[in-house]
Amino acid sequence: GKYMGSFQQMVLDNGDKGALPMLCFSVALLLEELSQYRPAQRVLMETLRAMENLMLMHPTVLHNMQPNLARQLFLLRPKVLLHLCVCLRRAGFLSRAMHFSLIALDLVNSSPLLKWARADVNLEAGRLASAMGNSP
């Protein structure tokens, strides 16, 4: 949306590009806590986009922006995907939630560094399967 674009532009013009995913994620969590699942899922999509844009940069550029940024983004990704699945499910976008749930499952099973996220991602996949089983 237009607000998200202007928010991102403001951060990119004035602030720390490396902080953009964390800022977006914080806004999304706030919206989720307020049960604003539709806007939250849109902000989470922007969070993923901001992360992907950073991940396309050369590792040295990322490191110069912020040491350990690549690692932080890697560890943030399952959290963003998990919250995206929750918000999509709660907003009633079950097939989109399933799409991102499968991405999250692949991701957390792809690296031992993400083992900590497996239980939560599996739990949400179960909730989603249950919701899909109950939907007409």
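For the structure, check the block above.
Residues numbered from 1 in each chain as written. Predicted model: local features only at pLDDT ≥ 70, side-chain atom pairs only at ≥ 80, totals over all residues. Heavy atoms only, no water.

Quick question: what am I supposed to make of helix α7 (residues 118-134) here?
Residue pairs three or four apart in sequence face the same way in an α-helix, which turns once every 3.6 residues. Between its first and last C-alpha, α7 extends 24 Å over 17 residues, near the 24 Å set by a 1.5 Å rise per residue. Turning to α7, its buried residues number three or more, namely V121, E124, A125 and L128. Taken down its axis, α7 places every buried residue within 105° of arc, on the same side. Looking at α7, the residues exposed on the side facing more than 90 degrees away from the buried face are A119, G133 and N134. Of the surrounding elements, those touching the buried residues of α7 are α5 (69-90) and α6 (94-110). (Helix = DSSP H or I, 4+ residues; strand = E, 2+ residues; numbered from the N terminus. Expected span 1.5 Å × (residues − 1). Buried < 20%, exposed > 50% of the residue type's maximum accessible area, 1.4 Å probe, protein only. Arc of directions from axis to C-beta. Contact = heavy atoms within 4.5 Å.)

I would appreciate a short explanation of the packing of helix α2 (residues 20-33) against helix α3 (residues 37-55) in the present structure.
Describing two packed helices takes the angle between their axes plus the distance from one axis to the other. Put simply, α2 and α3 touch, their axes get as near as 8 Å, and they point 165° apart. As judged from the angle between their axes, α2 and α3 are roughly antiparallel. Crossing of α2 against α3: the hand is left-handed. Across the interface between the two elements, L20, P21, C24, F25, V27, A28, L31 and E32 from α2 touch Y37, P39, A40, V43, L44, T47, A50, M51 and L54 from α3. Of the residues belonging to the contact of α2 with α3, the class tally is 15 nonpolar, one polar and one charged. (Axes fitted to C-alpha atoms, helices over the stretch in contact; angles between N-to-C directions. Parallel < 35°, antiparallel > 145°, perpendicular 65-115°, else oblique. Left-handed = near helix turned anticlockwise from the far one by under 90°. Nonpolar A, V, L, I, M, F, W, Y, C, P; charged D, E, K, R; others polar.)

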